[in-house]
Amino acid sequence: MTLQHGDVGQQVTALQNKLNATGASLSVDGWFGDETEKAVTRFQRKAGLFVDGIAGPATFAALDPTTPSEIGRKALREGDIKAAARKLGVQVAAIKAVTEVESRETGFLPSGRPDILFERHVMYRRLEPAEREHNAEKFPNIVNPKPGGYIGGEGEWRRLRRACSIAEPVAIESASWGLFQIMGFHWQALGYTSAQDFYHKMIQNEAEHLDAFVRFIKLDSGLHAALKARDWRSFAEQYNGPAYTRNHYDTRLAAAYDRHRAMGRSRETHAAAA
C-alpha cells in the first residue's frame, strides 16, 4: 500500500493515527494534505528511511515495529540515495525523482524475496541451441520464443526455480530484478563476477538494487548526461523508449524533481533556523 499527497479515506486516517502515536499532532481527518506529508517526512528522517513524503511499505513497516517485516529491513535509506547521487555526480533530488517514478513501490515481496519478472523468451534465446527446442517443448511456460506466461509475485519465483533446474546462470540472466527491474543478463557489463554474484547482491536489500541502477546509468553516457542535466525528456526517451510520452514519464520526472528539490530546500531552511 502507498499513500501520498491528495489521498483520502480510512487508510489515511489510520496512517494519521500511527503518526500521532510517534509524536505527531495531526488533525485526524482522513486527508493526506500538507501537514500529513510533513509528518511523514519527519518520521522518515527520524527512522533513517528514504525521505520522500510518501507513505509506502517501508514507512508502514517502520510505523509498526512490532510486526516483523523483511520489506522494512531491506528498504532504501536516505544514506543510500545520497551515496548514489555522489557516485553519479547528480543532485539528491534527481535520484529521488527517478526512484519515485521509474522504480517499483518496493523491491521485495512480503516473503523477503526480491520482486522479479521471469522472461521466458530471454531464456529461450540464451540457452544453447541443443537445449532450446527440447525444453521449449517440455516447458513452454519457461522456455518459449514468445514473451508471456507471467504470473506475478511469488509465482515468478516458481517459474525461476523451474528454469534454474534447466540452467541456473541462464535462468538468473532471464529475469528482471528488484526495485529497478534490472535484467540479469547485464551482470558482466555492470561489473559483477557472475550471474550468481548478481543474484546474491539482489537478494540482500534495496541498496544493492540502487547500486545496480547506478552501474547501469554509468554504462550509458547519454543517459548519464541527461540525468546530470536534468533533461527529463531525453532521460525518459532513453530509459523508457519512444513510447515514454504515453505514460508521461518526462513530466512526472520533472514534477517529482521539483517536489524533492523543494523538500530539500525546506529542510535546509529549518536546519539553518535551528
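In what follows, the structure referred to is the one given above.
Source: prediction; values computed, not measured.

Conventions and cut-offs
- Every chain begins its residue count from 1, and numbering advances along the sequence as written.
- Given that this is a predicted model, residues contribute local features only at a pLDDT of at least 70 and side-chain atom pairs are listed and counted only at 80 or more, while totals for whole chains, interfaces and linings are drawn from all residues.
- Water and hydrogen atoms play no part in the side-chain values, which are based on all heavy atoms of the structure.
- Strands here are runs of E lasting at least two residues and helices are runs of H or I lasting at least four, both read from the DSSP assignment and numbered beginning at the N terminus.
- This radius of gyration counts C-alpha atoms alone. The globule rule is 2.2 Å times how many residues there are, raised to the power 0.38.
- Think of it in three bands: residues with accessible area under 20% of the maximum for their type are buried, residues over 50% are exposed, and the middle band is partly exposed, with areas taken using a 1.4 Å probe on protein chains only.
- All accessibility values rest on the Shrake-Rupley procedure with a 1.4 Å probe; residue burial counts only the protein chains present in the view.
- Paired strands, in this sense, are two strands between which DSSP finds at least two bridges.
- The contact criterion used is simple: two residues touch if any of their non-hydrogen atoms lie within 4.5 Å.
- Each axis is a line fitted through C-alpha atoms, and for a helix only the stretch in contact is used; angles between axes span 0 to 180 degrees, taken between their N-to-C directions.
- The term salt bridge refers to a side-chain nitrogen of Lys or Arg lying within 4 Å of a carboxyl oxygen of Asp or Glu.
- Roughly parallel means an angle under 35 degrees; roughly antiparallel means over 145; roughly perpendicular covers 65 to 115; every other angle is labelled oblique.
- The handedness criterion is simple: a crossing whose near helix is rotated anticlockwise from the far helix by less than a right angle is left-handed, and one whose near helix is rotated clockwise is right-handed.
- The residue classification treats Ala, Val, Leu, Ile, Met, Phe, Trp, Tyr, Cys and Pro as nonpolar and Asp, Glu, Lys and Arg as charged. All others, Gly included, are polar.

Enquirer: Explain the overall build of the protein to me, please; I cannot follow it from the model alone.
Expert: Counting its regular elements, the protein contains 14 helices and three strands. The C-alpha radius of gyration computed for the protein amounts to 20 Å, which stays within 12% of the reference 19 Å derived for 274 residues, consistent with globular compactness. C-alpha extents for the protein along the principal axes are approximately 70 × 40 × 35 Å. When burial is assessed residue by residue, the protein has 47% of its 274 residues classed as buried. Of the roughly 13,400 Å² that the protein leaves accessible, carbon and sulfur atoms contribute 50%.

Enquirer: Help me out: how do you make sense of the sheet that holds strand β2 (residues 175–177) in this one?
Expert: As a general point, the strands of a sheet are linked pairwise by backbone hydrogen bonds and lie either parallel or antiparallel. Overall, antiparallel pairing links the three strands, which are arranged β1-β2-β3 in an open sheet. Across the chains shown, the open sheet's two edge strands, defined by having one partner strand only, are β1 (116–118) and β3 (182–183). Direction of pairing for β1 relative to β2: antiparallel, over a ladder of three bridges. Note on β2: the bridge partner recorded for F118 is A175. Packed onto the sheet, helix α9 (residues 154–173) meets β1, β2 and β3 and runs at close to 70° relative to β1.

Enquirer: Quick question: what am I supposed to make of the pattern of salt bridges here?
Expert: Any two side chains of opposite charge can pair, so long as their charged atoms come close to each other. Per the stated rule, a full pass over the model turns up 11 salt bridges. Linking D115 and R104 is a salt bridge whose minimum nitrogen-to-oxygen distance equals 2.9 Å. Here D115, found in the loop between α6 (92–102) and β1, pairs with R104, found in the loop between α6 and β1; they are 11 residues apart in sequence, far enough to count as distant. Looking at D115, the relative accessible area reads 11%, which means it is buried. Among the ionic pairs, D211 bridges to R215, the shortest N-O distance being 2.9 Å. Note that D211 and R215 are positioned in helix α11 (residues 206–219) at a spacing of four residues, about one turn of the helix. Owing to a relative accessible area of 25%, R215 belongs among the partly exposed residues under this scheme. When salt bridges that share partners are traced, they join E37, E100 and R259 into one network.

Enquirer: I would appreciate a short explanation of the packing of helix α12 (residues 221–229) against helix α13 (residues 232–240) in the present structure.
Expert: The description of two helices packed together rests on the angle between their axes and the distance between the axes. Direction vectors running N to C along α12 and α13 enclose 150°, while the axes themselves pass 8 Å from each other. Classed by the angle they form, the pair α12 and α13 counts as roughly antiparallel. Here the hand of the crossing between α12 and α13 comes out left-handed. Here G222, L223, A226 and L227 of α12 come into contact with α13, specifically with W232, S234, F235, Q238 and Y239. Residues of the contact of α12 with α13, tallied by class, amount to six nonpolar, three polar and no charged.

Enquirer: Would you explain α6 in this entry?
Expert: Because each turn of an α-helix spans 3.6 residues, side chains separated by three or four positions end up pointing in the same direction. Counted residue by residue, α6 has nine buried out of 11 residues, so it is predominantly covered. Taken together, the buried positions of α6 are occupied by A93, A94, I95, K96, A97, V98, T99, V101 and E102.

Enquirer: When you look at the environment of Q188 in this model, what are you seeing that I'm missing?
Expert: Positionally, Q188 belongs in the loop between β3 and α10 (195–202). For Q188, a relative accessible area of 60% puts it in the exposed group.

Enquirer: How do you make sense of the environment of I151 when you look at a structure like this?
Expert: Mapped onto the elements of the fold, I151 is located in the loop between α8 (129–138) and α9. On a C-alpha basis, the gap between I151 and D7 in space is 29 Å, while along the polypeptide they are 144 residues apart. Each residue touching I151, except ones within four places of it in the same chain, is listed here: E156, R158 and R159.

Purely geometric stuff here, so don't read any function into it on its own.
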